[in-house]
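Structural features, examined
Residue-level listing of the chains:
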Amino acid sequence: MERTSGTERMNGTERTGSATRTSTATRTSTATRTSGAGPLRLVAVSAGLSKPSSTRLLADRLAEATSRELAVEDRKAEVEIVELRDLAVEIANHLVTGFPAPALSAALEAVTGADGLIVVSPVFAGSYSGLFKSFFDLIEPDALTGTPVLLAATGGTARHSLVVEHAMRPLFSYLHALTLPTAVFAATDDWGAGADAYAGGLPARIDRAGGEFAGLLRGLTPATNGDVGEGDEVVPFEHLLANLK
């Protein structure tokens, strides 16, 4: 895992079965994370396997675009990059033993404690990579509830661009995350002179996604985690269906 700013967090995990559960005592609530106090914690997860990696490059550029848009309204972002390539052995060991090594534990803590996530995977066999899936298999289903997520992927051809919609979005829906409607897919041609001029090219799509993601991060209201407060009104189900009769 590589940190670009901020203080590394390695506390607050307890073992539950074969996964790591982040305790409620150490996990920062959505209300606190979106209250505007202090810089936003932005974590970018890259599942690229090579070095240099177009997947890591896309993660870096999306993080830069988001930070730049946040800075327009004087919101500072602390960006952390989690390279799954460096954690591959630890992820495999954790799946077998149920015990995370220190670096993996710190990465899980960073992801579950982030104000916003940028997740980027290369396309393997028409879906996200196994390394990407294995890492997020270690996240408890409720640990990312309400967390804003920007989805992105890289592949050899634009024919794989729908992987973001048919594979990645359902995964983060299961994790109860708040995914940005706009996603970014970068094919091999997008990095060279043959970039798609009709859509404005990859840089324009990155800037658009970064701007929308920054807006989502700025405009979030504290989540209730599904709880009904004293002032909330519960509408009977038959009333909701009344207009359908």
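Everything below is about the structure printed above this text.
Overview of the overall build of the protein
Assigned secondary structure in the protein consists of 8 helices and 10 strands. Burial status across the protein gives 44% buried among its 245 residues. Looking at the protein as shown, the accessible area adds up to about 12200 Å², and 54% of this sits on carbon and sulfur atoms.

Description of the pairing of strand β4 (residues 40-46)
Working note: regular strand, side chains alternate between the two faces of the sheet. Taken across its 7 residues, β4 has 7 buried, putting it largely inside the fold. The side-chain alternation of β4 yields two buried faces, one formed by Leu 40, Leu 42, Ala 44 and Ser 46 and the other by Arg 41, Val 43 and Val 45. Here β4 pairs with strand β5 (residues 77-83) via 7 bridges, running parallel. Across the sheet, residue Val 45 finds its bridge partner in β5, namely Val 82. At this point the chain moves from β4, through helix α2 (residues 54-72), to the parallel β5, and the crossover so formed is right-handed. Where β4 and strand β6 (residues 116-124) come together, 5 bridges link them in parallel fashion. By the bridge assignment, Val 45 is partnered in β6 with Val 119.

Thoughts on the environment of Glu 212
In this structure, Glu 212 sits in helix α7 (residues 201-219). Discounting chain neighbours no more than four positions away, the residues touching Glu 212 are Leu 180 and Thr 182. Only 2.5 Å separates the side chain of Glu 212 from the side chain of Thr 182, close enough to count as a polar contact.

What about the pairing of strand β8 (residues 148-155)?
Of all 8 residues in β8, 8 are buried, a share of seventy percent or more. Residues Pro 148, Leu 150, Ala 152 and Thr 154 point to one face of β8 and Val 149, Leu 151, Ala 153 and Gly 155 to the other, with burial holding for every one of them. Where β6 and β8 come together, 6 bridges link them in parallel fashion. In the sheet register, Ile 118 faces β8, and the bridge partner there is Leu 150. As paired strands, β8 and strand β9 (residues 178-179) are joined by 2 bridges and run parallel to one another. Bridging across to β9, Val 149 finds its partner in Thr 179. Two strands pair when backbone bridges link them, and β8 and strand β10 (residues 184-187) are joined in this way by 4 bridges, in the parallel orientation. Each bridged residue has a counterpart across the sheet, and for Gly 155 the counterpart in β10 is Ala 187.

Here is what the cut-offs are and how they apply
Residues numbered from 1 in each chain as written. Predicted model: local features only at pLDDT ≥ 70, side-chain atom pairs only at ≥ 80, totals over all residues. Heavy atoms only, no water. Helix = DSSP H or I, 4+ residues; strand = E, 2+ residues; numbered from the N terminus. Buried < 20%, exposed > 50% of the residue type's maximum accessible area, 1.4 Å probe, protein only. Areas by Shrake-Rupley, 256 points an atom, 1.4 Å probe, with all protein chains shown as cover. Pairing = 2+ DSSP bridges. Right-handed = clockwise from strand over helix to strand, strands pointing away. Contact = heavy atoms within 4.5 Å. Polar contact = N/O pair within 3.5 Å; in protein donor to acceptor, adjacent residues only side chain to side chain.

Remember that the coordinates give geometry; whether it matters functionally is a separate question.
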